[in-house]
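Analysis of the macromolecular model
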Amino acid sequence: GDNWQYLTDSGMPMHILQDRSVPILYFDQIVLYEDDMHDNGQVSLTAKVRVMPTCAFVLIRLWVRIDGVLLRVRETRIMVEFASSKIYRDVTWKECKWKDLESHNLPIDVRAWRHDGVVETAGWHALLDRLPQISLPPDLDAHSVVSVLDTELTAKNTDTTDA
């Protein structure tokens, strides 16, 4: 919607997520879609959800590996900060053609890029972090925020205007 405000950097208050004194009330990882592409690679769409008394956090990741051709990661992180009634969104797209992996000091052996969709090792995450980031489409901001209160007020004003 029009209420999302562009941010130059992530506005997510990560210290809230990292505060170990606050309990995690709920956590789950859900595999929404997974396929081995007829033994030619892997595609998976997963969502990780964490709820704490101070916030809720969702990570949605699309992972595509086409063996010998391409690696692609699309991630959207959404954080709801309850105290401020703000929703933060960070979007990251990473991609590398297989022939370019070595120039980025990344392994070309397909075994290094395999994972089971649920158990994600630290080594696999380290490889994902090193994939080159690519530009987002012009209509998608990398970092944005919306105030839930502003959205509710806009919706109420629209409802009364339409009446």
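Please read all numbers here as calculations on a predicted model, not as lab measurements.

1. Observations concerning a nonpolar patch on the surface
A surface patch of nonpolar side chains, about 290 Å² in accessible area, is lined by Ile30, Leu32 and Tyr33. Topologically, Ile30 is positioned in strand E2 (residues 26-35).

2. Regarding a negative patch on the surface
A contiguous patch of negative charge on the surface is contributed by Glu34, Asp35, Asp36 and Asp39. Summarising the element assignment, Asp39 is placed in the loop between E2 and strand E3 (41-51). With relative accessibility at 65%, the residue Asp39 sits in the exposed group.

3. As for the layout of surface pockets
Over the atoms, a rolled probe matching the size of one water molecule traces out where space is still vacant. When its volume is computed, the largest pocket comes out at roughly 440 Å³. As for the largest pocket, its lining consists of 19 residues, of which Phe57, Leu59, Arg61, Glu75 and Arg77 are closest to the centre. Contributing elements (two or more residues each) for the lining of the largest pocket: helix H1 (14-18), E3, strand E4 (55-66), strand E5 (70-81), strand E6 (86-97) and helix H2 (122-130). In terms of residue class, the lining of the largest pocket is built from eight nonpolar, four polar and seven charged.

The rules we used
Along each chain, residues carry numbers from 1 onward, in the same order as the chain's sequence is written. Thresholds applied to this predicted model are a pLDDT of at least 70 for local features of residues and 80 or more for the giving and counting of side-chain atom pairs; totals over whole chains, interfaces and linings are not thresholded and use all residues. Note that the side-chain values use all heavy atoms of the structure and ignore hydrogens as well as water. Residues enter patches when their relative accessible area tops 30% and they take part in no salt bridge; the joining distance is 9 Å for like charges and 5 Å for the nonpolar side chains Val, Leu, Ile, Met, Phe, Trp and Tyr. In this description, accessible areas are obtained by the Shrake-Rupley approach with a 1.4 Å probe, and a residue is regarded as covered only by the protein chains that are shown. Salt bridge, as used here, is a side-chain nitrogen of Lys or Arg placed within 4 Å of a carboxyl oxygen of Asp or Glu. Per the convention used, a helix needs a DSSP run of H or I reaching at least four residues, while a strand needs a run of E reaching at least two, with both numbered from the N terminus. His residues and chain termini do not enter the charge count, which takes Lys and Arg as positive and Asp and Glu as negative. We put the charge of a Lys on NZ, of an Arg on CZ, of an Asp on CG and of a Glu on CD. Any residue under 20% of the maximum accessible area for its type is buried, any over 50% is exposed, and the rest in between are partly exposed; the area is computed with a 1.4 Å probe on protein chains only. Every definition here rests on a 1 Å grid over the protein atoms only: cavities are sets of points where a 1.4 Å probe fits but cannot get out, pockets are open sets enclosed by protein on both sides within 12 Å along at least five of seven lines, and lining residues have some atom within 4 Å of a point. Grid points are joined across faces, edges and corners, and a volume is the space filled by probe spheres set on the points. Residue classes follow a fixed rule: Ala, Val, Leu, Ile, Met, Phe, Trp, Tyr, Cys and Pro count as nonpolar, while Asp, Glu, Lys and Arg count as charged, and any other residue, Gly among them, counts as polar.

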